[in-house]
Amino acid sequence: NAGVTQTPKFQVLKTGQSMTLQCAQDMNHEYMSWYRQDPGMGLRLIHYSVGAGITDQGEVPNGYNVSRSTTEDFPLRLLSAAPSQTSVYFCASSPGRATEAFFGQGTRLTVV
Amino acid sequence: GESVGLHLPTLSVQEGDNSIINCAYSNSASDYFIWYKQESGKGPQFIIDIRSNMDKRQGQRVTVLLNKTVKHLSLQIAATQPGDSAVYFCAASGGYQKVTFGIGTKLQVIP
């Protein structure tokens, strides 16, 4: 049971480049979320999904897109990277709303 | 909206002592609370949770206390060990509100 798998672990982008952060879970969880973690600001919700085909915005959605075509996968797309998107990104899944979340190992993204 | 905060950004404790990490939340509609532990370079890991119909919940060496009157919860770690050194986050959710995380407290265990 791998849990939540994120790829890549590290990434450096130039301003204006696009990329997709991958997230997959093998626990058949309905809920999946993307967070960014910045020093002194805790985890902030970017986008989330309550099931395949359903996504919604979180606290800081600007500059990011998501889709949920399958229960297992929830990729996060940066359309045009900006230095302000330098952060550590975490994907999480959970079986329901008020339940514990399982986090991936994170992707450290640097935009130069 | 929900805001969740911690009183102490860094807590240093002697190995073997008990640790207490505090957290305040602002949304009185919050009904589910979680504590996570995050070690360096890793994702947050679930420690213990509590629902609003409880005041106290115990796990292995950890206890969470919830005071709904003052919107405060705490995490107590008994006999703190070096492996407990990490950043601890509280999180709260309520109704259809999304989970909100605090900024975290760094626990340093002195051998």
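Structure: see above.
Heads up: these notes are all about the structure in this document. (Residues numbered from 1 in each chain as written. Chains lettered and ligands numbered in written order. Predicted model: local features only at pLDDT ≥ 70, side-chain atom pairs only at ≥ 80, totals over all residues. Heavy atoms only, no water.)

**Brief notes about the overall build of chain A**
Definition in use: Here a strand is any run of E in DSSP of at least two residues, a helix any run of H or I of at least four, and the numbering for each starts at the N terminus. For the radius of gyration, the atom set is restricted to C-alpha positions; the globular benchmark scales as 2.2 Å times the number of residues to the power 0.38. Only protein chains enter the area calculation, which uses a 1.4 Å probe; residues under 20% of their type maximum are buried, those over 50% are exposed, and those in between are partly exposed.
Within chain A one finds zero helices and 11 strands. Secondary structure of chain A in N-to-C order comes out as β-β-β-β-β-β-β-β-β-β-β. Expected size for 112 residues packed as a compact globule is a radius of gyration near 13 Å; at 13 Å, chain A falls within 12% of this value. With the C-alpha coordinates aligned to their principal axes, the bounding extent of chain A is approximately 35 × 30 × 25 Å. By residue count, 49% of the 112 residues in chain A fall in the buried class.

**Notes on the packing of aromatic side chains**
Rules: Stacked, edge-to-face and tilted are the three classes for Phe, Tyr and Trp ring pairs, Trp counted by its six-membered ring, which pair at centre distances within 6.5 Å; planes under 30 degrees apart are stacked, over 60 edge-to-face, the rest tilted. Throughout this description, the term charge over a ring refers to an Arg CZ or Lys NZ atom that lies within 6 Å of the ring centre and within 35 degrees of the ring normal.
Taken as a whole and assessed by the stated rule, the structure comprises eight aromatic pairs over all chains. Ring plane angle 50° and centroid distance 4.7 Å describe the contact between Tyr25 of chain B and Phe33 of chain B, whose orientation is recorded as tilted. Across the pair, exposure class does not vary: Tyr25 of chain B and Phe33 of chain B are buried alike. Ring pairs connect the aromatic residues Tyr35, Phe90 and Phe103 of chain A together with Tyr36 and Phe101 of chain B, which therefore count as one cluster. Lying over the aromatic face of Phe74 of chain A, Arg68 of chain A brings its terminal NZ or CZ to 6.0 Å of the ring centre.

**Considerations on the environment of Ser67 of chain A**
Residue and element names in this part refer to chain A. Heads up, the rule is: Throughout this description, a polar contact denotes any pair of N or O atoms lying within 3.5 Å of each other; where both atoms belong to protein, one of them has to be capable of donating a hydrogen while the other can accept it, and for residues adjacent in sequence the pair is counted only when both atoms sit in side chains.
Tracing the chain through its elements places Ser67 in the loop between strand 7 (64-66) and strand 8 (76-78). A sequence separation of 19 residues divides Ser67 from Tyr48, and the C-alpha atoms of the two residues are 9.4 Å apart. A distance of 3.1 Å separates the side chain of Ser67 from the side chain of Arg77, its partner in a polar contact.

**Comments concerning the side chain of Arg44 of chain A**
Residues and elements named next belong to chain A. Inclusion rule: Here, residues are in contact when the closest pair of their heavy atoms is within 4.5 Å.
Residue position: Arg44 is located in strand 5 (residues 42-51). Given the relative accessible area of 17%, Arg44 is considered buried. Within the local environment of Arg44, its side chain forms a polar contact with the side chain of Asp38, the two groups lying 2.9 Å apart. In contact with Arg44, other than residues within four places in its own chain, are Trp34, Tyr35, Arg36, Asp38, Glu59 and Val60.

**Some words on the pattern of salt bridges**
When their charged atoms lie close together, side chains carrying opposite charge are able to pair. The following threshold applies: Salt bridges are defined by distance alone: a side-chain nitrogen of Lys or Arg within 4 Å of a carboxyl oxygen of Asp or Glu.
Taken as a whole and judged by the stated rule, the model has seven salt bridges over all chains. With a shortest N-O distance of 2.2 Å, Arg57 of chain B and Asp49 of chain B are connected by a salt bridge. Judged by relative accessible area, Arg57 of chain B falls into the partly exposed class, the value being 35%. On the accessibility criterion, Asp49 of chain B (12% relative accessible area) is buried. Put simply, Asp55 of chain B and Lys68 of chain B hold a salt bridge, and the shortest N to O gap is 3.2 Å. Of this pair, Asp55 of chain B sits in the loop between strand 5 (45-51) and strand 6 (56-58) while Lys68 of chain B sits in the loop between strand 7 (62-67) and strand 8 (72-77), and the two are 13 residues apart along the sequence. Classification of Lys68 of chain B as partly exposed rests on a relative accessible area of 36%. Residues participating in the shared-partner salt-bridge network are Arg36, Asp38 and Arg44 of chain A.

**Brief notes about the pairing of strand 6 (residues 54-57) of chain A**
The side chains of a regular strand alternate between the sheet's two faces. Formally: At least two DSSP bridges between two strands are required for those strands to pair.
Alignment of strand 5 of chain A against strand 6 of chain A, held across three bridges, turns out to be antiparallel. In the strand pairing of strand 6 of chain A, Gly51 of chain A is matched with Ile54 of chain A.

Fair warning: the whole summary comes from geometry, so function is off the table for now.
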